Amino acid sequence: MLDVQGLVADKSFLRSLIEKNFELPNDIDTFRFALALLPNFASTDEELRDELSYMLLSRGILDRGLLTAEQLQQLAMILLDDEHLFYRVGEIDSDSVFMRSFSNLIIAALLYTEAKDPLLPAETVHEIKTALLRYARVEKDWRGHVEGKGWAHTMAHLADALDECAQHPSMQASEREEILDLVGALAQLPQPLYHEEDVRLAMVAYHIILGKQAGRDFLSTWIARCVVERTVDVSTWTSATNVKNFLRSLYFLMIWDNIAAGLAEQISDQLKRQDAMYLGRGDAQ
């Protein structure tokens, strides 16, 4: 068997695998290779982290179903630990964000491919959901693009993981409601989200609404809570902008596919009232 530890740092070797349509050599232990790729997600080298390691693990291994059920579960539990999803969580503007963010992205890829032919115990999927909710509440670094180091895109990658988790067949309606509550809270963060995070967050809600996976009364109440009142504190203005962009994205996703017309109208009315208050026009008519 080849020494995978040395190979995962060799960008020319990794490129050659992608060029060969992700075909791994016969003398590579696939699971060991998958685990050996994980440390690369902490790299500040965008090509090594994003274009090579992520692509090989997601498309070359997970998409092709090369891991057993036991190996998938082991990988999932590793991704949720303090060296991956929770790696130095709470730090701001440090390079540790890449490991956390790309752990989310691999979790999304794992759930997406596994859901086609479920292999994980339902308890494992529930554990993933619980970890994602816990992680979202302690993450402090929501940067999108980092100059010279490429995409962190923390919020977008978390949204992808939440989306795949919500759509997994093991999820219950109450758990999807938990995810929606979290999405609504994330859309109201006081940090500016200007790298299309609003669309990625909106997709989580859109898929739940499209699949009729949450009750109408819950959804109506949830939409009503997606609002931030501006005060003299400028952070409330950022939060208000974030949540309005989120609602606009969700509204157009629903309008374009002509679903849940009543909920779309509620979103429209809510946005109209918010703009009317900002423009000093009183209540929207």
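Above this text is the structure in question.
Notes on the structure follow. Everything numeric here is computed off the predicted structure, so don't read it as measured data. (Residues numbered from 1 in each chain as written. Predicted model: local features only at pLDDT ≥ 70, side-chain atom pairs only at ≥ 80, totals over all residues. Heavy atoms only, no water.)

For the chain, the count of helices and strands is 13 helices and two strands. In terms of overall size, the chain behaves like a compact globule, its C-alpha atoms giving a radius of gyration of 20 Å where 285 residues would be expected to give roughly 19 Å. For the chain, the share of sequence-separated contacts (at least 6 apart) that also reach a separation of at least 24 residues comes to 71%. As displayed, the chain offers around 13200 Å² of accessible surface, 50% of which is attributable to carbon and sulfur atoms. Positive and negative side-chain charges of the chain, numbering 27 and 44 respectively, have mean locations separated by a distance of 5 Å. (Helix = DSSP H or I, 4+ residues; strand = E, 2+ residues; numbered from the N terminus. Rg over C-alpha atoms; globule rule 2.2 N^0.38 Å. Contact = heavy atoms within 4.5 Å. Areas by Shrake-Rupley, 256 points an atom, 1.4 Å probe, with all protein chains shown as cover. Lys, Arg positive; Asp, Glu negative; His and termini not counted. Charge placed at Lys NZ, Arg CZ, Asp CG, Glu CD.)

Here we take up the pattern of salt bridges. Counting across every chain of the model gives 15 salt bridges. Residue Asp181 pairs with Arg225 through a salt bridge whose shortest N-O separation is 2.5 Å. Here the residue Asp181 occupies a position in helix H9 (residues 173-186), and Arg225 occupies one in helix H11 (residues 216-225), the gap between them amounting to 44 residues. What makes Arg225 partly exposed here is its relative accessible area of 42%. Each of Lys11, Arg15, Asp45 and Glu47 takes part in salt bridges that share partners, so that together they form one network. (Salt bridge = Lys/Arg side-chain N within 4 Å of Asp/Glu carboxyl O. Buried < 20%, exposed > 50% of the residue type's maximum accessible area, 1.4 Å probe, protein only.)

This part is about the packing of aromatic side chains. What characterises a pair of aromatic rings is the spacing of the ring centres plus the angle enclosed by the ring planes. This model, assessed by the stated rule, comprises five aromatic pairs. Between the aromatic rings of Phe41 and Phe102, the centroid separation amounts to 6.0 Å while the plane-to-plane angle is 5°, which identifies the pairing as stacked. In this pair, Phe41 is assigned in the loop between helix H3 (30-37) and helix H4 (46-62) and Phe102 in helix H6 (residues 97-116), connecting sequence segments 61 residues apart. On the basis of relative accessibility, which here comes to 1%, the residue Phe41 falls in the buried class. By relative accessible area, Phe102 is classed as buried at 0%. Geometrically, the ring pair formed by Tyr251 and Phe252 is edge-to-face, given 5.2 Å between the ring centres and 80° between the ring planes. Three or more aromatic residues joined by ring pairs make a cluster, and in this case those are Tyr251, Phe252 and Trp256. For the cation-ring pair, Arg134 lies above Phe86, with the distance from its terminal atom to the ring centre recorded as 4.1 Å. The ring of Trp237 carries the charged tip of Arg230 above its face, separated from the ring centre by 5.1 Å. (Phe/Tyr/Trp six-rings, centres within 6.5 Å; stacked < 30°, edge-to-face > 60°. Lys NZ or Arg CZ within 6 Å of the ring centre and 35° of its normal.)

What follows is about unusual backbone geometry. In this structure, Phe22 takes a positive phi of about 65° despite not being glycine. On the secondary structure map, Phe22 appears in the loop between helix H2 (11-19) and H3. Phi angles above zero are rare outside glycine, and Arg88 is one such case at about 50°.

Our focus in this paragraph is the environment of Asp257. Among the structural elements, Asp257 can be located in the loop between helix H12 (234-256) and helix H13 (261-278). For the pair Asp257 and Leu210, spaced 47 residues apart in the sequence, the C-alpha separation amounts to 9.1 Å.

A word on a nonpolar patch on the surface. A grouping of Val234, Trp237, Tyr278 and Leu279 is seen on the molecular surface, where their side chains present a nonpolar patch of about 440 Å² in accessible area. Tracing the backbone shows Val234 in helix H12. For Val234, a relative accessible area of 61% corresponds to the exposed category. (Patch = residues over 30% accessible without salt bridge, like charges linked within 9 Å, V, L, I, M, F, W, Y side chains within 5 Å.)

Orientation of H11 relative to H13, taken along the N-to-C sense of each, is 15°, at an axis distance of 10 Å. Classified by the angle their axes make, H11 and H13 are roughly parallel. Seen from above, H11 lies across H13 with right-handed handedness. Contacts between H11 and H13 involve Arg216, Leu219, Ser220, Ile223 and Ala224 on the former and, on the latter, Gly262, Leu263, Gln266, Ile267 and Gln270. Taken together, the residues that form the contact of H11 with H13 break down as five nonpolar, four polar and one charged. (Axes fitted to C-alpha atoms, helices over the stretch in contact; angles between N-to-C directions. Parallel < 35°, antiparallel > 145°, perpendicular 65-115°, else oblique. Left-handed = near helix turned anticlockwise from the far one by under 90°. Nonpolar A, V, L, I, M, F, W, Y, C, P; charged D, E, K, R; others polar.)

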